[in-house]
Amino acid sequence: MNEYAVRLLTRMLEIYSPSGKEEAIANFIAKEMENLGFKVRKDRVGNVIGEVGHGRPTIMLCGHMDTVTGFLPVRIEDSRLYGRGASDAKAPMAAMIVAASAFADKENSGRIIVAGVVDEEGTSKGVKNLVEEGIQVDYAIFGEPSGVDKITIGYRGNLRLRITCKTAGGHSAAHWLYENAIEKALELWQGIKKINFPSEKKDSRFYSVDYCMTKISGGSGGSIVPSKCQINIDIRIPPPLSTTQVLEEVRKSLIEYQKMNPRVSTKLIVEDSVEPFEADPRSPLVQALSRAIREVRRKTPILLRKTGTGDMNIFGKAMSVPVVTYGPGDATLSHTENEHIHLQEYLDGIEIIKRAVGHLLGLHKETPS
């Protein structure tokens, strides 16, 4: 099985699948799961959903098939497997497939769903469709590189904004007569960065609000004072705040800015938003994974609260069931030119997921619903 697991992940890495181009890997994963004994279907957005078993509980293992752009040559060197997605997040996805396949021929009382979703690196339309379809599960594990000895129980939320500043513009030889849209957009940005909230913990990366300008565009060059500038802002939001609260303060900041700058008009567009989420560290799911980590790695698991945002946020908020994020891999290698996975960590991750699922199935046998 170890040889198959490595072959599976290697083949998945060889299939280039940036967000929006997941069809080839989706077809590959669907065929592999069918060969392993899964009942497989695809949904309307391109997610691949495989099932084994029946009855309660229903445990969903959800990984994403897409990666960021930029293919990397696939190779094995010094017991490390290199390639785009080796960390984020084809190794967790492959680990879930192999782990769940161990239950395909068993008369277990419980159903295991493996979902390979699209667009996690984009706007998460894959997991959003699972929610819209009303998939019913009792537990859900989302595959991301937490590190094989760690469990992610929290992610900050995300608010992506596009703000446009417009002015009259004019000749740069008399620039003092006009408002410069680029300069005004930067002034506006400085005000937004100063927004803070009483519930924040400024000494905590997780429990504080972060603002990052990700793009700025404006002006036409030459001897023209810019009359239009657009900035894109990525705001990361901790619990217990909501995207609505943060957005309201940004709107107030824009209104105040326009009062002070009547010759500047602004327009705000929300491009995407995801609520912050923190799972219950005492849930049976966290306990099952923790037990499995101790058994396989002989280490005490570490519970992580990460500064990024994941599909767990969307599903956890909407479905109100125990969820965590877990998977082999080093998150600091994600999206880099050096992305790779230690093969032993990947194989240990498979065993940990398999044991965690077994512990949950056993728990429900001991305590019938």
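Above: the structure in question.
Summary of the structure given here. (Residues numbered from 1 in each chain as written. Predicted model: local features only at pLDDT ≥ 70, side-chain atom pairs only at ≥ 80, totals over all residues. Heavy atoms only, no water.)

Concerning the packing of helix α5 (residues 181-193) against helix α6 (residues 243-260)
Cut-off, in case you're wondering: To get an axis, a line is fitted to the C-alpha atoms, and for a helix only the part in contact is used. The angle between two axes follows their N-to-C directions and goes from 0 to 180 degrees. In this description a helix means any DSSP run of H or I spanning at least four residues, a strand means any run of E spanning at least two, and both kinds are numbered starting from the N terminus. Orientation labels follow simple angle bins: below 35 degrees gives roughly parallel, above 145 gives roughly antiparallel, 65 to 115 gives roughly perpendicular, and whatever is left gives oblique. When the near helix sits turned anticlockwise from the far one by under a right angle, the crossing is termed left-handed; a clockwise turn instead gives a right-handed crossing. Every residue pair with non-hydrogen atoms within 4.5 Å of one another is taken to be in contact. Residue polarity follows a fixed list, in which Ala, Val, Leu, Ile, Met, Phe, Trp, Tyr, Cys and Pro are nonpolar, Asp, Glu, Lys and Arg are charged, and the others, Gly among them, are polar.
Running from amino to carboxyl end, α5 crosses α6 at an angle of 135 degrees, the nearest separation of the two axes being 10 Å. As the angle between them shows, α5 and α6 are arranged oblique. Pair α5 / α6 crosses with right-handed handedness. Where α5 approaches α6, its residues Lys-184, Glu-187, Leu-188, Gly-191 and Ile-192 are matched on the opposing element by Val-250, Ser-253, Leu-254 and Tyr-257. For the contact of α5 with α6, the per-class residue count stands at 5 nonpolar, 2 polar and 2 charged.

Overview of the state of the cysteines
Stated formally: Any two cysteine sulfur atoms within 2.5 Å of one another count as a disulfide.
The final tally for this structure, using the stated rule, is 0 disulfides. Its sulfur unpaired, Cys-165 is 6.6 Å from the next cysteine sulfur, which belongs to Cys-229.

Digging into helix α2 (residues 23-35)
Counted only if it meets this: Any helix carries an expected span of 1.5 Å times its number of residues minus one. Think of it in three bands: residues with accessible area under 20% of the maximum for their type are buried, residues over 50% are exposed, and the middle band is partly exposed, with areas taken using a 1.4 Å probe on protein chains only.
The terminal C-alpha atoms of α2 lie 18 Å apart, and with 13 residues this matches the ideal 18 Å at 1.5 Å per residue to within 8%. Within the span of α2, buried status applies to Ile-25, Ala-26, Phe-28, Ile-29, Ala-30, Glu-32 and Met-33. Looking at the packing, one finds that the buried side of α2 touches α1 (2-14), β1 (39-42), β2 (48-64), α3 (90-101) and β5 (109-117). Looking one or two places after α2, you find Gly-37, whose phi comes out positive at around 100 degrees.

As for the pattern of salt bridges
What counts, and what does not: Any Lys or Arg side-chain nitrogen located within 4 Å of an Asp or Glu carboxyl oxygen qualifies as a salt bridge.
One pass over the structure, following the stated rule, counts 28 salt bridges. In this structure, Lys-354 and Glu-351 form a salt bridge, with 3.2 Å as the shortest nitrogen-oxygen distance. A residue pair is termed a helical-turn pair when its members lie 3 or 4 positions apart in one helix, as Lys-354 and Glu-351 do in helix α9 (residues 343-366) at 3 residues. Judged by its relative accessible area of 25%, Glu-351 is partly exposed. The salt bridge partner of Arg-355 is Glu-351, with a shortest N-O separation of 2.8 Å. Here Arg-355 pairs with Glu-351, and both are found in helix α9, just 4 residues apart, close to one helical turn. When salt bridges with common partners are traced through the structure, they connect Arg-291, Glu-295, Glu-351, Lys-354 and Arg-355 into a single cluster.

Details of the layout of surface pockets
Regions of empty space are outlined by a rolling probe, equal in size to a water molecule, passed over the atoms. Using the following cut-off: Computed over the protein atoms alone on a 1 Å grid, cavities are sets of points where a 1.4 Å probe fits but cannot get out and pockets are open sets with protein on both sides within 12 Å along at least five of seven lines; a residue lines them when it has an atom within 4 Å of a point. Grid points are joined across faces, edges and corners, and a volume is the space filled by probe spheres set on the points.
Within this model, the largest pocket holds a volume of roughly 520 Å³. Looking at the largest pocket, it is lined by 24 residues, and the ones nearest its centre are Asp-88, Glu-120, Glu-121, Gly-308 and Thr-309. In terms of residue class, the lining of the largest pocket is made up of 5 nonpolar, 10 polar and 9 charged. As a volume, the second largest pocket reaches approximately 210 Å³. In this structure, the second largest pocket is lined by Met-1, Asn-2, Ala-5, Val-98, Ser-101, Ala-102, Leu-347, Asp-348, Ile-350, Glu-351 and Lys-354. Secondary-structure elements contributing two or more residues to the lining of the second largest pocket are α1, α3 and α9. When residues in the lining of the second largest pocket are grouped by element, the largest group, 5 residues, is from α9.

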